[in-house]
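Spelled out from the first residue to the last, the chains are:
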Amino acid sequence: MEVCYQLPVLPLDRPVPKHVLGRRGAICLTSSPILFGGPAPRQLSKRRGAISYDSSDQTALYIRMLGMSASHPRTDAVRSEAEQPVRSVLSFQKNLHSSHYSRNHTHATHHTLDQEYIGQAKTFIPLCSFFLDTGKSLVDLTLHLFIDYGLIKLFRLDLLKLRQFLVMVHEAYRRQNPYHNALHAADVTQAMYCYMQEPQLSESLTSCDILLGLLAAATHDLDHPGVNQTFLIKTNHYLASLYQNASVLENHHWKCAVSLLRESGLLSHFPSEDRQNLEERLGSLILATDISRQNEYLSQFRAHLDRADLHLNNSQNRHFILQMALKCADICNPCRPWHISKLWSHKVTDEFFSQGDSEKRQNLDVSILCDRNANTVAKIQIGFISFVVEPLFLEWARFSDTPLSQIMLGHMTSNKYKWTHLPQEDLRESTQSTSSKTLPQGGLGP
Ligand SMILES: Nc1ncnc2c1ncn2[C@@H]1O[C@@H]2COP(=O)(O)O[C@H]2[C@H]1O
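Note that the structure is a prediction, hence the values are computed from the model and not measured. (Residues numbered from 1 in each chain as written. Predicted model: local features only at pLDDT ≥ 70, side-chain atom pairs only at ≥ 80, totals over all residues. Heavy atoms only, no water.)

What is the right way to look at the pattern of salt bridges in this model?
If charged atoms from side chains of opposite charge come close, those side chains can pair. Across all of its chains, the model carries 15 salt bridges by this definition. Of the charged contacts, one joins aspartate 209 and arginine 281 as a salt bridge, the two residues approaching to 3.1 Å between their closest N and O atoms. Here the residue aspartate 209 occupies a position in helix H11 (residues 207-219), and arginine 281 occupies one in helix H15 (residues 272-287), the gap between them amounting to 72 residues. Neither residue differs from the other here; aspartate 209 and arginine 281 are each classed as buried. Between aspartate 371 and lysine 360 there is a salt bridge whose closest N-O contact spans 2.9 Å. Taken together, the positions of aspartate 371 in the loop between helix H18 (338-361) and helix H19 (377-399) and lysine 360 in helix H18 put the pair eleven residues apart, joining distant regions of the chain. For lysine 360, a relative accessible area of 31% gives the class partly exposed. Sharing partners across several salt bridges, the network here consists of Arg302, Asp306, Glu395 and Arg398. (Salt bridge = Lys/Arg side-chain N within 4 Å of Asp/Glu carboxyl O. Helix = DSSP H or I, 4+ residues; strand = E, 2+ residues; numbered from the N terminus. Buried < 20%, exposed > 50% of the residue type's maximum accessible area, 1.4 Å probe, protein only.)

Can you help me understand unusual backbone geometry in this one?
Of all residues except glycine, most have a negative phi; of all peptide bonds, most are trans. We note that aspartate 223 has phi near 60°; this positive angle belongs to a residue other than glycine. Counting through the fold element by element, aspartate 223 comes out in the loop between H11 and helix H12 (229-234). Positive phi outside glycine occurs at glutamine 244, with the angle close to 50°. As for its placement among the helices and strands, glutamine 244 is situated in the loop between helix H13 (238-242) and helix H14 (248-264). Residue glutamine 244 is classed as partly exposed on the basis of its relative accessible area, which comes to 44%.

I'm lost on the UniProt feature "binding site: Zn(2+) 2" (unreviewed entry) in the chain in this one. Help?
Taking the UniProt record as the reference, the feature "binding site: Zn(2+) 2" (unreviewed entry) is found at Asp221. Mapped onto the secondary structure, aspartate 221 falls in the loop between H11 and H12. The class for aspartate 221 is buried, based on a relative accessible area of 6%. (UniProt positions renumbered as here; feature names shortened; annotations may be inferred.)

Can you walk me through the site of the ligand in this structure?
In the vicinity of the ligand, 13 residues are found, and the nearest of them are Tyr179, His180, Asn333, Gln381 and Phe384. The separation between a nitrogen atom of the ligand and a polar side-chain atom of asparagine 333 is 2.8 Å. Across the complex, the protein chains shield 91% of the 450 Å² of accessible surface that the ligand would expose by itself. In terms of residues, the shell around the ligand owes the most to one element, H19, which gives three residues. (Near = heavy atom within 4 Å. Polar contact = N/O pair within 3.5 Å; in protein donor to acceptor, adjacent residues only side chain to side chain. Areas by Shrake-Rupley, 256 points an atom, 1.4 Å probe, with all protein chains shown as cover.)

Please explain the packing of helix H6 (residues 137-148) against helix H9 (residues 182-196) as it appears in this structure.
Two measures define how a pair of helices packs: the angle their axes make with one another and the distance between the axes. Between H6 and H9, the shortest axis-to-axis distance is 8 Å and the interhelical angle comes to 25°. In terms of orientation, H6 and H9 fall into the roughly parallel class. Relative to H9, H6 is oriented so that their crossing is left-handed. Every residue of H9 that contacts H6 at Ser137, Leu138, Leu141, Thr142, Leu145 and Asp148 is listed here: Ala182, Leu183, Ala185, Ala186, Thr189, Gln190 and Tyr193. In terms of residue class, the contact of H6 with H9 is built from eight nonpolar, four polar and one charged. (Axes fitted to C-alpha atoms, helices over the stretch in contact; angles between N-to-C directions. Parallel < 35°, antiparallel > 145°, perpendicular 65-115°, else oblique. Left-handed = near helix turned anticlockwise from the far one by under 90°. Contact = heavy atoms within 4.5 Å. Nonpolar A, V, L, I, M, F, W, Y, C, P; charged D, E, K, R; others polar.)

Teacher, can you tell me more about the environment of leucine 138 here?
On the secondary structure map, leucine 138 appears in helix H6. Among residues more than four places away in sequence, those in contact with leucine 138 are Val169, His170, Tyr173, Ala182, Ala185, Ala186, Thr189 and Ala218.

What exactly am I supposed to notice about the packing of aromatic side chains here?
How two aromatic rings sit relative to each other is set out by the distance from centre to centre and by the angle between their planes. In total, this model carries nine aromatic pairs according to the counting rule given. A centroid spacing of 4.9 Å and a plane angle of 65° characterise the contact between tryptophan 338 and tryptophan 419, whose relative ring orientation is edge-to-face. With tryptophan 338 in helix H18 and tryptophan 419 in helix H20 (residues 403-421), this pair connects stretches of sequence that are 81 residues apart. For the pair tryptophan 338 and tryptophan 419, one class covers both residues: buried. Both rings, one in tryptophan 396 and one in phenylalanine 399, keep their centres 5.2 Å apart while their planes meet at 55°; by these two values the pair is tilted. Of this pair, tryptophan 396 and phenylalanine 399 are both found in helix H19, three residues apart, which corresponds to roughly one turn of the helix. The class for tryptophan 396 is buried, based on a relative accessible area of 0%. On the accessibility criterion, phenylalanine 399 (8% relative accessible area) is buried. By the ring-pair criterion, three or more aromatic residues cluster together here, those being Tyr195, Phe301, Phe320, Trp396 and Phe399. Across from the ring centre of tryptophan 254, 3.9 Å away, lies the NZ or CZ of lysine 255, which sits over that ring. (Phe/Tyr/Trp six-rings, centres within 6.5 Å; stacked < 30°, edge-to-face > 60°. Lys NZ or Arg CZ within 6 Å of the ring centre and 35° of its normal.)

Shown next, in the form of structure tokens:
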């Protein structure tokens, strides 16, 4: 059964009415705020060989071609897992109908959907916690948040298209990656939700901002190959040439997200200008997660806070804060309680070391942090927290001085202390692979 809504008639760009937020299952607005007032779109104009992909339509098409090509180059790290079929972003759809997930979920009725989200989502949200290992937390969590915020009604979304889109997003994450998989996307989406609920943001974000924030969080690492940009460049991977060695992965994640949005038809009823604007803003959010541009964003953030000139009634300022929120969400794992944070640390290190092993096999220079003989999990964590996480979260706490920020800083400090003072025997254990371990339920809170 399809949910049909009329096309939007009353564009709005203002905070989501309070009576909509926080009412689980209560969706009661009749007008739809489809208006995008974000910053100037970031246009990409690059060429690969003779194929121009100036327009995002062409780009999405090109990605489809690459995704479906049987012969496009893959990274060695990915190839080493080749016994398990790797689904590249668009070929997964061929498998969709036979996948376990879609068999059980894509044809769900509304009744089933309600049952499911009422049962599970109650535990996701109020406690800031979620099921990390249900195998489908990304779909359930994001769907729940769309419903909870009233976005389906507000934007006249087709519930089944939304579900199909989310299943496609879930399937486009490579499950063989220890870290960059759908679970990480769910983790980031949950954190993004928590930040968007912080008082300053929840009072000023428009429904468009919320829609974008959730979409960006859920899709920000789509089809991640489990290796970093340096690896793609030195192995002459086609994505590196496609994006001219600049924000290679983030551009790919963005283009995959656009491709899936179009494939699912989720926004096909939007006026094309709004759709294009949304796709550009989505890109600008996802591109902000490029960790190599961390200092650029951080200095801008610091300068704004020093001048006290971030005004959230200004759409560009709100967009900037969404970028910062997504960046925080992306690297918030060291700010979670120790028992969860520790497991993410092991998972990310597994992925680093597996890239290092692959580099050694190919006689390439081993990337920094990727040599298992020269690093320990603890050493990597201490460096990552000190130089990347702490500077960012200190500024975030200046912007959003709330109990949640204090809790996150508390976890981060105590996790860093634990990594620094781990007894020798635990340190040895911390260098061993943990890919078989599962993440327990837990949240940002104590
Ligand atoms: N706990 C962690 N320890 C070390 N590096 C991390 C950790 N969490 C995230 N990262 C890095 O932060 C980066 C954020 O962008 P990426 O997802 O591209 O890749 C991520 C990892 O390289």
